[in-house]
Each structure stands twice: as C-alpha cells, then as structure tokens.
Amino acid sequence: MKIGVFDSGVGGLSVVKSLLHAALFEEIIYFGDTARVPYGIKDKNTIIRYAIEAVECFKNFELDLMIVACNTVSAYALEEMREAAASPVVGVVESGVLATSKMLTKKDANILILGTQATIRSQAYEKELSRLGFTNLQAKATGLFVPLVEEQIYSGKILEAVFSHYFQDIQTPDIVILGCTHFPLILDALRDYFGEETLFVHSGDAIVASLMQQFSFTQRYENPKIEFFASQSPDELKKVAARWLS
Ligand code: DGL
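Residues numbered from 1 in each chain as written. Predicted model: local features only at pLDDT ≥ 70, side-chain atom pairs only at ≥ 80, totals over all residues. Heavy atoms only, no water.

A. Layout of the site of the ligand. If you check the shell around the ligand, you find 14 residues, and the closest are Ser8, Tyr39, Asn71, Thr72 and His182. Between the ligand and Thr72 there is a distance of 2.7 Å, counted from an oxygen atom to a side-chain nitrogen or oxygen. Note that an oxygen atom of the ligand is positioned 2.8 Å from one of the backbone N or O atoms of Thr181. Here the shell around the ligand is built from residues that sort into six nonpolar, seven polar and one charged. (Near = heavy atom within 4 Å. Polar contact = N/O pair within 3.5 Å; in protein donor to acceptor, adjacent residues only side chain to side chain. Nonpolar A, V, L, I, M, F, W, Y, C, P; charged D, E, K, R; others polar.)

Following this line, the structure appears as structure tokens:
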C-alpha cells in the first residue's frame with residue numbers, strides 16, 4: 001500500500017514515527033504545508049481550502065490511502081477532502097477518541113483535551129467523548145506549543161513558562177489527549193509536568209490501532225520507501241525528520 005501523510009508542518013512526523021514502528025506500509029509520501037503553518041489559528045474556510053489544495057498535490061502519487069496527520073484538519077475538513085480525493089481519507093480525531101475510550105475504565109475519569117485554537121473551538125473531541133458517556137472533560141487551546149515545536153524547542157525554561165501559563169487552572173488529569181500531532185514532540189516535558197500517573201493519547205499510536213482494526217495487514221515493511229515534500233524549505237523538514245524518526 002502506498003499512503004500519503006499530510007500535516008500543516010512537522011507535527012505529522014509524530015504519526016509517521018508510529019506508522020514506521022508498526023511497519024504497515026510499503027511506501028509513504030509526506031507533505032507538510034510548512035509555508036502556511038500554523039493552521040490552528042486559521043478559520044474553518046481557510047483550513048478547508050488548504051486541505052483541498054493538499055489533496056490536489058497528492059493526486060500526483062496514486063495513493064491507496066491518505067492519512068490526515070493533523071487534528072485541526074481532521075476536525076474541519078475531512079468530508080471535503082473525502083469528496084475531493086481519489087483514495088480513502090482517514091483523520092486522527094475519531095481514532096483518538098477510540099483510543100481514549102479503550103484506555104479508560106471509568107466514565108468520570110478526568111480527561112484533558114489539548115489542541116490548537118481551531119481544534120478546541122470545533123469541540124470535535126468533546127462531542128464524540130460526550131456521546132460515549134464521558135462526563136469529566138476539560139479542554140485547553142495550547143497553540144503556542146506549535147511554533148515552539150516548529151522551532152525544535154522540546155524542553156527547557158521557555159516551555160516550562162508556557163506550561164505554567166496554560167495549566168494554572170487545570171486540575172491534574174487522569175488522561176491527556178494530545179489533540180495536535182505537534183504535541184508528542186514535547187511529550188517528555190508534559191509527562192514531567194503532569195507526573196507519572198497521567199496517561200497520554202498520541203494521534204500516531206491511535207491511528208495505527210484503528211487502521212489495524214479496519215484493514216488486514218499480512219506483511220511487515222521494515223524499510224518502507226519514504227519521501228518528504230514541503231511547501232517551504234523541504235530541506236528543513238527533512239532535517240527534522242532525520243532527527244525525529246531516527
Ligand atoms: N499538527 C496540527 C494538528 O494536529 C496543527 C498545527 C497547526 O498547524 O496549528 O492540529
């Protein structure tokens with residue numbers, strides 16, 4: 001299977017990492033819209049327009065499947081992408097909700113949803129989690145994490161100051177949904193902040209679990225062919241990929 005992976009920038013590499021670990025696919029084409037990141041501060045129509053333009057770029061590759069490795073796009077543009085694409089398109093919100101529900105035994109577990117402004121504004125996670133009966137939800141837009149990750153700041157004083165700014169009113173959660181694919185890059189720092197007891201849901205691991213449920217994979221591809229494309233400075237993206245995926 002040849003798949004496309006799309007994100008606004010480098011964040012989707014956290015999903016690629018999970019896909020490589022699971023060795024499900026023979027060929028991966030990654031596209032990061034680095035010229036226009038962040039998407040999380042854009043409005044719905046702009047996010048949909050960018051997402052459809054990404055679908056058009058992927059049409060050069062005859063994909064079997066497209067993975068939207070971006071929560072913001074998954075929350076707003078999945079239907080439009082499905083209409084425009086020649087292959088099936090899967091997003092990360094649905095699989096994130098499924099993974100969360102599987103990790104929890106109590107419906108009143110304290111769930112903290114982190115995401116971009118747009119993802120939190122969409123309430124995509126809250127709607128699905130409430131539908132499944134979860135009652136104790138907190139949500140926080142933590143968009144500043146995106147430029148920090150794009151700047152390759154994964155730890156240290158600046159990040160700690162941003163944590164204090166965002167989390168001062170937050171009750172310690174049982175589980176944190178990393179509702180933005182940039183956030184797993186600062187997972188170690190988040191774990192240090194919230195403590196060992198708190199669980200984390202990662203879009204990459206969640207989508208792998210969901211794909212394994214939907215498709216039957218008979219072969220492992222330990223060394224898939226992988227190509228990286230970006231709308232700006234592709235070499236920068238490749239450098240981050242080399243560092244993050246090694
Ligand atoms: N990585 C993206 C997500 O999962 C969004 C980052 C952004 O462009 O704001 O939501």
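B. Broad picture of the pattern of salt bridges. A full pass over the atoms with the stated rule returns eight salt bridges. Residue Glu27 is joined to Lys225 by a salt bridge in which the shortest nitrogen-to-oxygen separation is 3.7 Å. With Glu27 in strand β2 (residues 27–32) and Lys225 in strand β9 (residues 225–230), this residue pair connects regions lying 198 residues apart in the sequence. The class for Glu27 is buried, based on a relative accessible area of 19%. (Salt bridge = Lys/Arg side-chain N within 4 Å of Asp/Glu carboxyl O. Helix = DSSP H or I, 4+ residues; strand = E, 2+ residues; numbered from the N terminus. Buried < 20%, exposed > 50% of the residue type's maximum accessible area, 1.4 Å probe, protein only.)

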